[in-house]
Amino acid sequence: MPPSPLHLLSADTYLAMIRGSEGSGMYRHNFALQDGKREDLVRSGQRSCAFYVTHILLFFQLIREPHLRVAGTVRDLLACGWEPTTTPKIGDIVVWEEQVFSGSWEGVTFTNEPHPHIGFYLSPEEAISNVPSAGGPARHHLTFGTTADSNPKTSIQAFYTHPTFFAECTER
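No experiment lies behind these values; they were computed from the predicted model shown. (Residues numbered from 1 in each chain as written. Predicted model: local features only at pLDDT ≥ 70, side-chain atom pairs only at ≥ 80, totals over all residues. Heavy atoms only, no water.)

A.B. asks: Account for the overall build of the chain, naming residues and giving values.
C.D. replies: Summing up its helical and strand segments, the chain has three helices and ten strands in all. Ordering the α and β elements of the chain from the N terminus gives α-β-β-α-α-β-β-β-β-β-β-β-β. A compact globule built from 172 residues would reach a C-alpha radius of gyration of about 16 Å, and the chain, at 17 Å, matches this within 12%. Each principal axis of the C-alpha atoms in the chain carries an extent, and together these give about 60 × 50 × 30 Å. Taking all 172 residues of the chain together, 45% fall into the buried category. A fraction of 56% describes how many contacts in the chain between residues 6 or more apart in sequence connect residues 24 or more apart. Looking at the chain as shown, the accessible area adds up to about 9,300 Å², and 53% of this sits on carbon and sulfur atoms. (Helix = DSSP H or I, 4+ residues; strand = E, 2+ residues; numbered from the N terminus. Rg over C-alpha atoms; globule rule 2.2 N^0.38 Å. Buried < 20%, exposed > 50% of the residue type's maximum accessible area, 1.4 Å probe, protein only. Contact = heavy atoms within 4.5 Å. Areas by Shrake-Rupley, 256 points an atom, 1.4 Å probe, with all protein chains shown as cover.)

A.B. asks: Tell me about the packing of aromatic side chains, residues and numbers included.
C.D. replies: Working definition: an aromatic ring pair is given by the centre-to-centre distance plus the angle between the planes. The final tally for this structure, using the stated rule, is 13 aromatic pairs. Ring geometry for Tyr 14 and Phe 60: centres 5.6 Å apart, planes at 85 degrees, overall edge-to-face. Residue Tyr 14 is found in helix H1 (residues 10-20), and its partner Phe 60 is found in the loop between helix H2 (49-59) and helix H3 (70-79); the two are separated by 46 residues along the sequence. By relative accessible area, which is 0% here, Tyr 14 ends up buried. Looking at Phe 60, the relative accessible area reads 14%, which means it is buried. Summarising the aromatic geometry, the rings of Tyr 27 and Phe 51 are spaced 6.4 Å apart at their centres and angled 80 degrees between planes, so their arrangement reads as edge-to-face. Note that Tyr 27 is positioned in the loop between H1 and strand S1 (31-34) and Phe 51 in helix H2, a separation of 24 residues in sequence. On the basis of relative accessible area, Phe 51 is assigned to the buried category, the value being 8%. Every member of this aromatic cluster is reached through a ring pair, and the members are Tyr 14, Tyr 27, Phe 51, Tyr 52, Phe 59, Phe 60, Trp 82, Phe 120, Phe 165 and Phe 166. Sitting over the ring of Phe 31, Arg 38 keeps its end group 3.6 Å from the ring centre. (Phe/Tyr/Trp six-rings, centres within 6.5 Å; stacked < 30°, edge-to-face > 60°. Lys NZ or Arg CZ within 6 Å of the ring centre and 35° of its normal.)

A.B. asks: If you had to explain the pairing of strand S2 (residues 37-40) to someone new, which residues and values would you point to?
C.D. replies: Pairing of S1 with S2 involves four bridges; the strand directions are antiparallel. What sits directly across from Leu 33, in S2, is Arg 38. Between S1 and S2, which pair antiparallel one after the other, the connecting turn spans two residues, and Asp 35 there sits at a positive phi close to 55 degrees. (Pairing = 2+ DSSP bridges.)

A.B. asks: Can you break down the side chain of Ser 21 residue by residue, with the values?
C.D. replies: Mapped onto the elements, Ser 21 comes out in the loop between H1 and S1. Separated by 2.7 Å, the side chains of Ser 21 and Tyr 52 make a polar contact. (Polar contact = N/O pair within 3.5 Å; in protein donor to acceptor, adjacent residues only side chain to side chain.)

A.B. asks: Outline the sheet that holds strand S4 (residues 93-99), listing residues and values.
C.D. replies: Sheet strands pair via backbone hydrogen bonds, and the direction of the pair is either parallel or antiparallel. Pairing in this open sheet of six strands is antiparallel, and the strands run S3-S10-S4-S7-S8-S9 from one edge to the other. In this open sheet, the two strands that pair with only one neighbour each are strand S3 (83-85) and strand S9 (136-141). On average, each strand axis in the sheet is tilted by 35 degrees relative to the strand beside it, whichever way the strands run. Summarising the sheet, strand S7 (residues 115-123) and strand S8 (residues 126-131) pair through four bridges and their orientation is antiparallel. (Axes fitted to C-alpha atoms, helices over the stretch in contact; angles between N-to-C directions.)

This is how it looks when you write it as structure tokens:
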């Protein structure tokens, strides 16, 4: 009897890749020549959130190209069939309001100007995104925690889901 055909579970692999990205330093640099000078466009991981998210999305052909900014990422998501949702599930995209990251990593102190942030939704309490002070992707509270009066520390602007990619996912 011949073996049964292989059927790849792309959405399950996507979720495994997101989980496995935690702690990776591979999204900390993106170099370019600017005015003849080598520049790190993501500032040693300080501005790597869109770079991180879009490289995973691009691997699964869920967007057209990698991005360095959240606005361009969202435009590409929408152009590639992603839809806003109010009921996110694991693997969906989450976009937070503008925020400032500050801290230090490997002896380098940094403070960014305010900018929106993007990552992956894991559960009602958890997400994973590039966290500069962690040196790369890290799990964290969905709203980066709560204030003393139980309000979210960071508001969520939107969630995005892909209507067909997750159809065969065994984890959703």
